[in-house]
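Residues per chain, in single letters:
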Amino acid sequence: MKKIFVAGHNGMVGSAIVRQLQNSKNVEVVTRNRSELDLLNQEAVREFFATEQIDQVYLAAAKVGGIVANNTYPAEFIYENLTIQNNIIHSAHLAGVQNLLFLGSSCIYPKLSQQPMTEHVLLTGTLEPTNEPYAIAKIAGIKMCESYNRQYGRNYRSVMPTNLYGENDNFHQENSHVIPALLCRFHEAKFNGDAKVVAWGSGKPMREFLHVDDMAAASIYVMNLAQAVYDANTEPMLSHINVGTGVDCTIRELVETVAKVVGFEGDIEFDATKPDGAPRKLMDVSRLKALGWQAKIELEQGLASTYDWFLANQDHFRK
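The following refers to the structure shown. The written sequence of each chain sets the order in which its residues are numbered from 1. Under the rules for a predicted model, residues below a pLDDT of 70 receive no local features and side-chain atom pairs below 80 are neither given nor counted, while totals for whole chains, interfaces and linings still include all residues. Only hydrogens and water are removed before side-chain values are computed, so all heavy atoms of the structure are retained for them.

### Details of the overall build of the protein chain
Helices and strands together make up the secondary structure of the protein chain, namely eleven helices and 13 strands. Relative to the globule expectation of 20 Å for 319 residues, the C-alpha radius of gyration of the protein chain, 20 Å, shows essentially globular dimensions. Projected onto the principal axes, the alpha-carbon positions of the protein chain cover approximately 60 × 40 × 40 Å. Categorising residues by exposure relies on relative accessible area from a 1.4 Å probe, with only protein chains included: less than 20% of the type maximum marks a residue as buried, more than 50% marks it as exposed, and the intermediate range marks it as partly exposed. Across the 319 residues of the protein chain, 49% fall into the buried class. When contacts within the protein chain are restricted to residue pairs at least 6 apart in sequence, those whose partners lie at least 24 apart make up 81%. Per-residue accessibility takes into account occlusion by the displayed protein chains alone, with areas from the Shrake-Rupley method and a 1.4 Å probe. In the structure as shown, the protein chain presents an accessible area of about 15,300 Å², 49% of it carried by carbon and sulfur atoms. Helix and strand definitions follow DSSP, with helices as H or I runs of at least four residues and strands as E runs of at least two, each counted in order from the N terminus. C-alpha atoms define the radius of gyration in this analysis, and the globule rule sets the expected value at 2.2 Å times the number of residues to the power 0.38. Any two residues whose heavy atoms approach within 4.5 Å at even a single point are treated as in contact.

Written out as structure tokens, the structure is:
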């Protein structure tokens, strides 16, 4: 029986990993709520690993938030994320845990990266200022895993997802990301009988979206790759792997697809006076494809299942 600790099991990605691991044979999934284990407490984390005899770790725990949160609390974002990953990675090493997967973010890449973004553009330019503290923490996590591999022969791997969405996403109106925000807006417009919905920006920027169930599947796949296969497709000091679909769409196409999924039949208007952000953000996923994995969930299919989950849980999001 393999004993697997999923740190951050209540989050969108962590909960998806737990769901898929629970369908596996000979696996015992270990989780701890914040009241049971404070990941910011070094001694508590060290004691947990010393007593639990964990075989694998999925490090999906992190302090996350949108632009406003990142701008308002930069100190908390860099301190808490560095502390959580330092405690888990080092304590896992001290307890002899050989296999760990660190989950990062595409914000590790420079603001003006070439498109699509390959793993090799890491540390080649200036980061986006609004989430630099968070990105710095994630970069440190990658380098920490690589350092323990180089010095101690550990098998600590890192995956960097593109924009994620799906079950257990954050649907709170003030700080949700684009897909849950759009689902909420079109849902309300439909049931209020609104004649139109106004979307921010020109609709021209292009973005890539990955369903969280695909992210979980990719994480488990990368965790369990044979060492020789992983080593043949990565580099000791550039070992992280992009996870995405390798396909993007315009924001206009996204908005129109969300409207279709929700069943909103009114007009859609784009407010070009609002900011567009970067013209394109696309991950190069050729490294992951070379390792034998690619995403399966099409955007419209994923949006439909996410909306179904929202409808079943919308009371949770009411004020």
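Once you've had a look at it, read on.
### What to know about the packing of helix α9 (residues 251–262) against helix α11 (residues 299–313)
For helices, the fitted axis covers only the stretch in contact; all axes are lines through C-alpha atoms, and the angles between them, taken along N-to-C directions, range from 0 to 180 degrees. One way to put it is that α9 packs onto α11 with a least axis distance of 10 Å and a crossing angle of 50 degrees. Between α9 and α11, the crossing angle belongs to the class labelled oblique. When the axes of α9 and α11 are compared, the crossing they make is right-handed. Along its contact with α9, which presents L254, T257, V258, K260, V261 and V262, the element α11 presents L299, E300, L303, A304 and Y307. Under the scheme applied, nonpolar residues are Ala, Val, Leu, Ile, Met, Phe, Trp, Tyr, Cys and Pro; charged residues are Asp, Glu, Lys and Arg; polar residues are all the others, including Gly. Grouping the constituent residues of the contact of α9 with α11 by class yields eight nonpolar, one polar and two charged. Every angle not falling under 35 degrees, over 145, or within 65 to 115 is termed oblique; those three ranges are roughly parallel, roughly antiparallel and roughly perpendicular. Left-handed describes a crossing whose near helix is turned anticlockwise from the far helix through less than a right angle; right-handed describes the clockwise counterpart.

### What about the nonpolar core?
For this analysis, a nonpolar core means a set of buried residues of the types Ala, Val, Leu, Ile, Met, Phe, Trp, Tyr and Cys, connected via side-chain atoms within 4.5 Å. Formed by 38 residues in total, the largest nonpolar core has its most connected members in F5, F49, I88 and L100. Secondary structure elements with two or more residues in this core: β1 (2–7), α2 (42–52), β3 (56–59), α4 (74–94), β4 (99–103), α5 (132–152) and β5 (155–161). It is α5 that contributes the most residues to this core, seven residues altogether. Residues contacting L100, with those up to four places away along its chain left out, are V57, I88, I89, A92, C145, N155, Y156, R157 and M223.

### So, the environment of P205
Its place among the elements puts P205 in the loop between β7 (196–200) and β8 (206–207). Taking the relative accessible area as the measure of exposure, P205 reaches 5% and is therefore buried. A sequence separation of 104 residues divides P205 from L101, and the C-alpha atoms of the two residues are 32 Å apart. Setting aside chain neighbours within four positions, we find P205 in contact with C249, T250, I251, D276, A278 and P279.

### Describing the pairing of β4
Of all the five residues making up β4, four are buried; the element is thus mostly covered by neighbouring parts of the structure. At least two DSSP bridges between two strands are required for those strands to pair. Of the pairings in the sheet, the one linking β3 to β4 comprises four bridges and is parallel in character. Following the sheet pairing, L59 is matched in β4 by F102. Pairing of β4 with β5, which is carried by five bridges, proceeds in the parallel orientation. Within β5, the residue paired with F102 across the bridge is S158. The β-α-β motif built from β4, the intervening α5 and the parallel element β5 has right-handed crossover chirality. Think of it like this: strands point away, you trace from the first strand over the helix to the second, and a clockwise trace means the crossover is right-handed.

### Description of the packing of aromatic side chains
A pair of aromatic rings is counted whenever rings of Phe, Tyr or Trp (Trp by its six-membered ring) have centres within 6.5 Å, and the orientation is called stacked for planes under 30 degrees apart, edge-to-face for over 60 and tilted otherwise. According to the stated counting rule, one finds ten aromatic pairs in the structure shown. Sitting over the ring of F77, K63 keeps its end group 5.2 Å from the ring centre. Positioned above the aromatic ring of W200, the side-chain terminus of K274 is 4.8 Å from the ring centre. Look at NZ for Lys and CZ for Arg. If either is within 6 Å of the ring centre and within 35 degrees of the ring normal, a charge sits over the ring.

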